[in-house]
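Chains, contacts and geometry: an overview
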Amino acid sequence: MIRRLILLAAVAATLLTAQDAETLSGWQFYKEVLVSAGEGLATIDLDAEALAGSRDDGEDLRLYDARGNEIPFALRVLRDVQTSERLAAEESNRSATGDIAAVTLDLGDEHGDHNQIEVVTAGANYRWRVSVLGSDDAGDWATLSERAMIFRFSSATSGVLVSRVRYPVNRFRFIRVAVSPDQKTASTAPVIESVTVHLAVAIRGQELDLPVGFSVGEATRINGRPASTYTIDLPGRLPTHALRFTTPTENFSRQIRLESIEGDNVLPVTVSSGRLDRQGAQPSNETALRFREVFTPKLRLTVVDDHNPPLQLIQPVVVSAVRQVVVDLNAVAEGPLRLYYGNPSARAPEHDVGAGLPRSLDEGVSRLLAGVQQFNANYQEPPPPLNERAPWLVYVVLGLVSLALLVILRSLVFDVDDDGESSRLSV
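Remember, predicted model here, so these are calculated numbers, not experimental data. (Residues numbered from 1 in each chain as written. Predicted model: local features only at pLDDT ≥ 70, side-chain atom pairs only at ≥ 80, totals over all residues. Heavy atoms only, no water.)

Assigned secondary structure in the protein consists of four helices and 27 strands. Taking all 427 residues of the protein together, 35% fall into the buried category. Sequence-distant contacts, at least 24 apart, represent 78% of the contacts inside the protein between residues at least 6 apart. Accessible area for the protein stands at about 25,000 Å²; split by element, carbon and sulfur atoms hold 51% of it. (Helix = DSSP H or I, 4+ residues; strand = E, 2+ residues; numbered from the N terminus. Buried < 20%, exposed > 50% of the residue type's maximum accessible area, 1.4 Å probe, protein only. Contact = heavy atoms within 4.5 Å. Areas by Shrake-Rupley, 256 points an atom, 1.4 Å probe, with all protein chains shown as cover.)

This is the structure:
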């Protein structure tokens, strides 16, 4: 009896939280993407419409071909990325002479390019000078970096560590590293714990200029100081990490504050503050303000003028990192493709395509263009949750759960003996 009640209560609770299977009727918008026959990878850049209509995380994006087949894809955000690949190396000739500690690394016959070392030394607070030499035969050495600095400073609450040294990209087989103390902090040779060789690569991101609406500066005051505010409206809640504008003022140094404005009833969030400077005429008279990425429909820039005339901002541009859908054309049976978006409750598609993508795509990769935004004729607003459609069911579930708990409690209070007589439990 108890098991039946518990099972019935679990089934009823499941009905309250059940979700419909994923269908395209849950997506509000789509864009058609023309695609010709081909092989290999292709990319589709998300424009402002697609960014505004989709979720911040992009998990509601779906891609279908003309035959209705779902096409796997990967979503990439093309930000600036610093990557580092460690090369295998064999250590030799470790030595300490006077106040200089040194070690040699052999990268072997089949090593690749390298341009960075990481040096780990003993101690919690230090400042060392590092020299890096390279050689093809461990006999004739060329200087790659001289008197670079690594350091570490620690406190009870924070710490700073710089342990890497960059040098020009090369293919020397042997690397000789010498570490000596800064005479101001130590006079004995450092203890080298390890040295590793790396190839550090900076992958340049791509940026998208977003269309904006702009209002000229309005007079205001901050802490009693004259200031001007500039409001920048975006066409939806979009990701952004930079603001560019031109101004005829060649020399200025102003305190600024940049805020994200979500709505009238939401407090503004400061995304950047400090001092904005420009000295002398620039080729384009352009000033750039970069900040951590935020999703926002509106930005507000406040500039403290003091006794200076307000800055004249011309052609402000809000910048976003390019978000790119990467698709394997071999999976497309027939074009055109349809890129669907606009489903707040969609789950992440979790395609395997992204697992095998290279860090950067070759120039030869096809770049497909998405058309204008179209409304999905099959779209249906999601039905209200079952507990709103049948509120009585909530009381049924609560009643069943309460009855099950009551039966369980009764079984704990009373113990049935072998003769079928009830006796109260002794504790």
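Our focus in this paragraph is the side chain of His198. Checked against the element boundaries, His198 lands in strand E14 (residues 192-203). Looking at His198, its side chain comes within polar contact range of the side chain of Thr196, at 2.9 Å. Those residues in contact with His198, other than ones at most four positions away along the chain, are Ser84, Glu85, Arg86, Leu87, His114, Asn115, Gln116, Glu118 and Arg164. (Polar contact = N/O pair within 3.5 Å; in protein donor to acceptor, adjacent residues only side chain to side chain.)

Attention now moves to the sheet that holds strand E4 (residues 73-77). Hydrogen bonds along the backbone pair up the strands of a sheet, which may run parallel or antiparallel. Here we have four strands laid out as an open sheet, ordered E4-E22-E2-E24, and mixed in their pairing. Both edges of this open sheet fall to E4 and strand E24 (366-368), since each of them pairs with a single strand only. When strand polarity is set aside, the average angle formed by the axes of neighbouring strands in this sheet is 30°. Sheet analysis places E4 next to strand E22 (residues 323-328), joined by five bridges and oriented antiparallel. What sits directly across from Val77, in E22, is Arg323. (Pairing = 2+ DSSP bridges. Axes fitted to C-alpha atoms, helices over the stretch in contact; angles between N-to-C directions.)

Take the confidence of the model for the protein next. Averaged over all residues, the pLDDT of the protein equals 84, while 84% of them reach at least 70. Counting contacts from residues 5-21, a segment whose pLDDT is below 50, to residues more than four positions away or on other chains yields 18 contacts. Ignoring residues within four places in sequence, the model shows residues 422-427, a span with pLDDT below 50, making eight contacts including any to other chains. (pLDDT = per-residue confidence, 0-100.)

The next thing to look at is the pattern of salt bridges. Within this structure, the stated rule accounts for 24 salt bridges. Ionic pairing is found between Arg257 and Glu259, a salt bridge with its closest N-O pair at 3.7 Å. By relative accessible area, Glu259 is classed as buried at 7%. Three or more residues joined by partner-sharing salt bridges are found here, namely Lys31, Asp47 and Glu49. (Salt bridge = Lys/Arg side-chain N within 4 Å of Asp/Glu carboxyl O.)

The next thing to look at is unusual backbone geometry. The linkage connecting Gly335 with the following residue, Pro336, adopts the cis geometry, with an omega of 0°. Among the secondary structure elements, Pro336 is positioned in the loop between E22 and strand E23 (337-341). Positive phi is not limited to glycine here, since Ala138 has a value of about 60°. Among the secondary structure elements, Ala138 is positioned in the loop between strand E9 (126-135) and strand E10 (142-154). Owing to a relative accessible area of 37%, Ala138 belongs among the partly exposed residues under this scheme. Positive phi, normally seen in glycine, also occurs at Gln315, with a value near 50°.

On to the sheet that holds E14, then. Within the open sheet, the four strands sit side by side as E5-E14-E8-E12. Their pairing is antiparallel. The sheet is open, and its two borders are formed by strand E5 (81-87) and strand E12 (164-170), each paired with just one other strand. With strand direction ignored, the average angle separating the axes of adjacent strands in the sheet is 35°. Alignment of strand E8 (residues 114-121) against E12, held across four bridges, turns out to be antiparallel. Counted as the bridge partner of Ile117 is Val165 from E12.

This next bit is on the nonpolar core. One finds Leu63, Leu243, Leu258, Phe291, Leu301 and Val325 to be the most contacted residues of the largest nonpolar core, which totals 42 residues. Each residue touching Val325, except ones within four places of it in the same chain, is listed here: Ala42, Thr43, Ile44, Leu46, Leu61, Leu63, Phe73, Ala74, Leu75 and Leu339. Judged by nonpolar contacts, the second largest core, of 22 residues, contains Ala101, Leu144, Tyr167 and Val197. (Core = buried A, V, L, I, M, F, W, Y, C linked by side-chain atoms within 4.5 Å.)

Within this structure, the stated rule accounts for eight aromatic pairs. Aromatic pair Phe29 and Phe375: ring centres 6.3 Å apart, planes at 75°, arrangement edge-to-face. Linking Phe29 in strand E1 (residues 29-33) with Phe375 in strand E25 (residues 374-375), this pair joins segments that are 346 residues apart in sequence. The class for Phe29 is buried, based on a relative accessible area of 18%. A ring pair is formed by Phe375 and Tyr379, whose centres lie 5.9 Å apart and whose planes are at 80°; its orientation type is edge-to-face. Taking the ring centre of Tyr30 as reference, the NZ or CZ of Arg338 above it sits at 4.1 Å. (Phe/Tyr/Trp six-rings, centres within 6.5 Å; stacked < 30°, edge-to-face > 60°. Lys NZ or Arg CZ within 6 Å of the ring centre and 35° of its normal.)

Turning next to the environment of Leu299. Looking at the element boundaries, Leu299 is found in strand E20 (residues 286-304). By relative accessible area, which is 0% here, Leu299 ends up buried. Once residues within four sequence positions are removed from consideration, Leu299 is found in contact with Tyr230, Thr231, Ile232, Thr240, Leu258, Glu259, Ser260, Phe291 and Val318.

Attention now goes to the side chain of Asp60. You can see Asp60 is positioned in the loop between helix H2 (48-53) and strand E3 (62-64). Of the buried charged residues, Asp60 lacks a salt bridge, with Arg55 as the closest side chain of opposite charge at 4.9 Å. A distance of 2.9 Å separates a polar atom in the side chain of Asp60 from the backbone nitrogen of Gly342. Not counting residues within four places of it along the chain, the set of residues in contact with Asp60 comprises Trp27, Gly53, Ser54, Arg55, Tyr340, Tyr341, Gly342, Asn343 and Ala346. (Lys, Arg positive; Asp, Glu negative; His and termini not counted.)

This part covers the environment of Met149. Residue placement: Met149 occurs in strand E10. Separated by 31 residues in sequence, Met149 and Ser180 have C-alpha atoms that sit 9.8 Å apart. Contact partners of Met149, with chain neighbours within four places excluded, come to Arg127, Trp128, Arg129, Val162 and Asp182.

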